[in-house]
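# Descriptive analysis of the structure
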Amino acid sequence: MATNATPAADRHAALTLSQERPASTSSGYLMLFVMLVAILVAVFGASQIDPTPEIGVPLLLLGALTFAFVTPGFYMLQPNQAAAITLFGSYRGTDRNTGLRWIVPWYGKKKLSVRANNIISDKIKVNDLRGNPIEIAAQVVWRVTDTAQALFDVDDYKAFVMVQIEAAVRTIGSRYPYDDFEHQEVTLRGNHDQVGAELRQELIARLAMAGITVDECGFTHLAYAQEIAGAMLRRQQAQAVVAARQTLVEGAVGMVQMALEQLSAKGVVELDDERRAAMVSNLMVVLCGERDTQPIVNAGSLYQ
């Protein structure tokens, strides 16, 4: 019995998804003309009350009632602005036509912007893939694409965007390491475009239920947390020194090998193992030393 009841409970608890559709509204300029005519009729009726009340009173009432009926139905929409139309709590469509608009007064109208919004999130602390605490913040350009979902499927779509941005940044920040000196992994610091594209896809998936899309996003702040920043800086410096030394030694070995091979091939000098080792040692000192070497000229023979 419990197993059969669970799916039914899930169906009752599921969110009723909305979908935007065009609303049946009309231009407000025609109704503005009707309202002006109603005013003229009411004024004329008021002027005819004393001489001919049987004509003046009906005209006055007709003009006043028409004015009272037409006036509440006006609303105005600017470019990239929409109005969700409701009738006694039921969604009846969305009007995206700009200018002066009119609808029957008992319909509800709720305006919202469909323009692009730019948000820079707060700096948050996240542990990257290797467990190092980092500080990270993102810049996101988002806009409403489905007004029905934005208004009726989430309680406050702007607050929803802020929460989902933080959640997405935490997810992406913990998915990759901050840095990889050997350049063998995708990192937050070294692969901005790839990580930014993945962050955008993560945000689009999270915000789809609110009828919101993301046009652009990227990191505006990315650094190690303060408590480990000094240690990580020393580590980066040490790794840089090791890498530089490794490159220097590899180059020096190649140059020494090339020098010995050319000396032997051209028969410039014949060196035994001891002199060859001494020459290799001297060349390595010259090529790998941090300071300029001071040469010592041997005025005697090769073995003195």
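Our subject is the structure that appears above.
What counts, and at which threshold
- Residues numbered from 1 in each chain as written.
- Predicted model: local features only at pLDDT ≥ 70, side-chain atom pairs only at ≥ 80, totals over all residues.
- Heavy atoms only, no water.
- Helix = DSSP H or I, 4+ residues; strand = E, 2+ residues; numbered from the N terminus.
- Contact = heavy atoms within 4.5 Å.
- Areas by Shrake-Rupley, 256 points an atom, 1.4 Å probe, with all protein chains shown as cover.
- Buried < 20%, exposed > 50% of the residue type's maximum accessible area, 1.4 Å probe, protein only.
- Pairing = 2+ DSSP bridges.
- Axes fitted to C-alpha atoms, helices over the stretch in contact; angles between N-to-C directions.

For the rest of this paragraph, the subject is the overall build of the chain. Secondary structure assignment for the chain yields eight helices and 10 strands. Relative to all contacts within the chain whose residues are 6 or more apart in sequence, the contacts with residues 24 or more apart total 68%. By element, 58% of the accessible surface of the chain is carried by carbon and sulfur atoms, the whole surface being about 19100 Å².

Mapped onto the fold, T147 is located in helix α4 (residues 147–152). Residue T147 is classed as buried on the basis of its relative accessible area, which comes to 0%.

This paragraph deals with unusual backbone geometry. Not every positive phi belongs to a glycine, and N80 is a case in point at roughly 60 degrees. Relative to the assigned elements, N80 resides in the loop between β2 (74–77) and β3 (81–87). Even without glycine at this site, F88 takes up a positive phi of about 55 degrees. Tracing the chain through its elements places F88 in the loop between β3 and β4 (90–95).

This paragraph deals with the sheet that holds β4. The sheet built from three strands is open, its strands ordered β4-β3-β6 with antiparallel pairing. With one partner strand each, in any of the chains shown, β4 and β6 (108–113) form the two edges of the open sheet. Taken over all neighbouring pairs, the strand axes of this sheet differ in orientation by 25 degrees on average, direction set aside. Pairing of β3 with β6, which is carried by six bridges, proceeds in the antiparallel orientation. Within the sheet, the bridge partner assigned to A83 lies in β6 and is K111.

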